[in-house]
Amino acid sequence: MRVVSLLPAATETLYALGVEPVGVSAACDYPPPAREVPAVTRSRVSGEGASADVNEAVADAVAAGGVFDLDREALRGADPDLVVTQGVCDVCAVDDGLVREAVTEMDLDAEVLSTHAHTLDGALAEMERIGAAAGRAERASDLVATLRERVGAVAERAPTERPRTLLVEWLDPIVVAGHWGPELVGRAGGTAGLAAAGDPSEPCEWAAVREYDPEVVVAAPCGFGVEQTLANAAELTDRPGWSDLAAVRAEAVYTLDGHHLVNRPGPRLAESVEHLAGLLHPATFDSPPRSVARPLDTGA
């Protein structure tokens, strides 16, 4: 089956199921072979620079029709039987309505599968939907069972002490991780008190963060790797009252790769839980490798 994936999480899922896509989005960069697959979308936003600047560029792109442009001729050339996209986030992929419109207008004989994950269970269910559509239903079931086992193993080992945790999805404005983010924190042994499972990821007033007084802060901005987050750390540390937070006083502030982990509802959500557990409970779990997580200089 010829499959085009317009979402990084779907691309990761397909590779995990033994399906190599014939076309991907400009954002699909994992596993490494995905970088060699022809892209059928182009990004209007570079993603480089300060968070506030990127946020403004994204908002402008969304207002102009979306962050990604669909290359219709590249899509036609891929001649897909299945196109996987999503309908959750305006920033993550081409709008699924535009994809369906393109498939119809070009008279492509392709099914369009739009994923809609908002929770951890929802993300796992979408992996099974992708597997079924790609003819890999049994492998998808096995994959999901393995991921559930890994996440469950962390939850069982997590200490009963559950630190108040702030999982940050964007730095300026501060956005608290919603959707499956609170569940990742919960399975890792923390309490995500500023968002509930399934909530959208939305800006949060700094006053609310100070009132919550997190005991652990994990900055995992969507689209930012560790180095880019560290380069933009002042967007957190320069805020008034930063040094008064319990997490800062305890030096429990970390970066975690938000580009590849946490924010992608694919197979590496289990890895995200394992790494979060290492940050929340370093005496119980292994620390994440420096390639995906670092302590953040709190400036305190």
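Since this is a predicted model, take the numbers as computed values, not measurements.

Thresholds applied
Residues numbered from 1 in each chain as written. Predicted model: local features only at pLDDT ≥ 70, side-chain atom pairs only at ≥ 80, totals over all residues. Heavy atoms only, no water. Helix = DSSP H or I, 4+ residues; strand = E, 2+ residues; numbered from the N terminus. Rg over C-alpha atoms; globule rule 2.2 N^0.38 Å. Buried < 20%, exposed > 50% of the residue type's maximum accessible area, 1.4 Å probe, protein only. Contact = heavy atoms within 4.5 Å. Areas by Shrake-Rupley, 256 points an atom, 1.4 Å probe, with all protein chains shown as cover. Axes fitted to C-alpha atoms, helices over the stretch in contact; angles between N-to-C directions. Parallel < 35°, antiparallel > 145°, perpendicular 65-115°, else oblique. Left-handed = near helix turned anticlockwise from the far one by under 90°. Nonpolar A, V, L, I, M, F, W, Y, C, P; charged D, E, K, R; others polar. Polar contact = N/O pair within 3.5 Å; in protein donor to acceptor, adjacent residues only side chain to side chain. Pairing = 2+ DSSP bridges. Core = buried A, V, L, I, M, F, W, Y, C linked by side-chain atoms within 4.5 Å.

**Student:** Would you mind going over the overall build of the chain with me for this structure?
**Tutor:** The helix and strand inventory of the chain stands at 12 helices and 12 strands. Computed over its C-alpha atoms, the radius of gyration of the chain comes to 19 Å, within 12% of the 19 Å expected for a compact globule of 300 residues. Along the longest, intermediate and shortest principal axes, the C-alpha atoms of the chain span 60 × 40 × 30 Å. Within the chain, buried positions represent 53% of all 300 residues. Pairs at least 24 apart in sequence give 69% of the contacts found in the chain among residues at least 6 apart. When the accessible surface of the chain is split by element, carbon and sulfur atoms take 47% of a total near 12900 Å².

**Student:** What is the right way to read the packing of helix H5 (residues 120-133) against helix H6 (residues 137-157) from this model?
**Tutor:** Helix packing geometry: the angle between the two helix axes and the distance between the axes. As a packed pair, H5 and H6 sit with axes 7 Å apart at the nearest point and diverge in direction by 160°. Considered as vectors, H5 and H6 are oriented roughly antiparallel to each other. Like other packed secondary-structure pairs, H5 and H6 cross with a definite hand, here right-handed. Between H5 and H6, the contacting residues are Leu120, Asp121, Leu124, Met127, Glu128, Gly131 and Ala132 on the first element and Ala137, Ala140, Ser141, Leu143, Val144, Leu147, Arg148 and Val151 on the second. Residue classes in the contact of H5 with H6 are distributed as 10 nonpolar, 2 polar and 3 charged.

**Student:** Honestly, the side chain of Asp29 in this entry has me stumped. Any pointers?
**Tutor:** With respect to the secondary-structure elements, Asp29 resides in the loop between strand E2 (23-24) and strand E3 (41-43). At 2.7 Å, the side chain of Asp29 forms a polar contact with the side chain of His259. Other than its neighbours up to four places away in sequence, Asp29 contacts Arg35, His259, His260 and Arg264.

**Student:** Would you explain the sheet that holds E2 in this entry?
**Tutor:** Paired through backbone hydrogen bonds, the strands of a sheet run either parallel or antiparallel to each other. The 4 strands are arranged E2-E1-E5-E6 in an open sheet whose pairing can be described as parallel. Edge positions in the sheet fall to E2 and strand E6 (111-115), since each has one partner strand and no second. Set on the sheet, helix H4 (residues 96-105) makes contact with strand E5 (82-86) and E6; between it and E6 the angle comes to about 180°. Here H5 sits on the sheet in contact with E5 and E6, set at roughly 170° to E6.

**Student:** Looking at this model, I keep getting lost on the pairing of strand E7 (residues 165-170). Mind explaining?
**Tutor:** A regular strand carries its side chains on alternate faces of the sheet. Counting buried residues along E7, 6 of its 6 residues qualify, which places the element largely inside the surrounding structure. In terms of strand pairing, E7 meets strand E10 (residues 216-219) through 4 bridges, oriented parallel. Each residue of the ladder has a partner; that of Thr165, found in E10, is Val216. Two strands pair when backbone bridges link them, and E7 and strand E8 (residues 175-176) are joined in this way by 2 bridges, in the antiparallel orientation. Paired with Trp170 across the two strands is Val175, which belongs to E8. Where E7 hands over to E8, the hairpin turn is made up of 4 residues, counted between the paired strands.

**Student:** So what exactly am I meant to see when it comes to the nonpolar core here?
**Tutor:** Generally speaking, a soluble globular protein has its nonpolar side chains buried in company with each other. Counting residues in hydrophobic clusters, the biggest one holds 37 residues, and the most contacted among them are Leu167, Leu184, Val218, Leu256, Val262 and Leu276. Of all the elements in the fold, those that place two or more residues in this core are H5, H6, helix H7 (181-187), E10, strand E11 (253-256) and helix H12 (269-280). Counting residues per element, this core draws most heavily on H12, at 7 residues. In this view, Val218 contacts Leu166, Leu167, Val168, Tyr254, Leu256, Leu276 and Leu279; residues no more than four positions away in its chain are not counted. Val168, Val176, Trp206 and Ala219 belong to the second largest nonpolar core, which has 19 residues in total.

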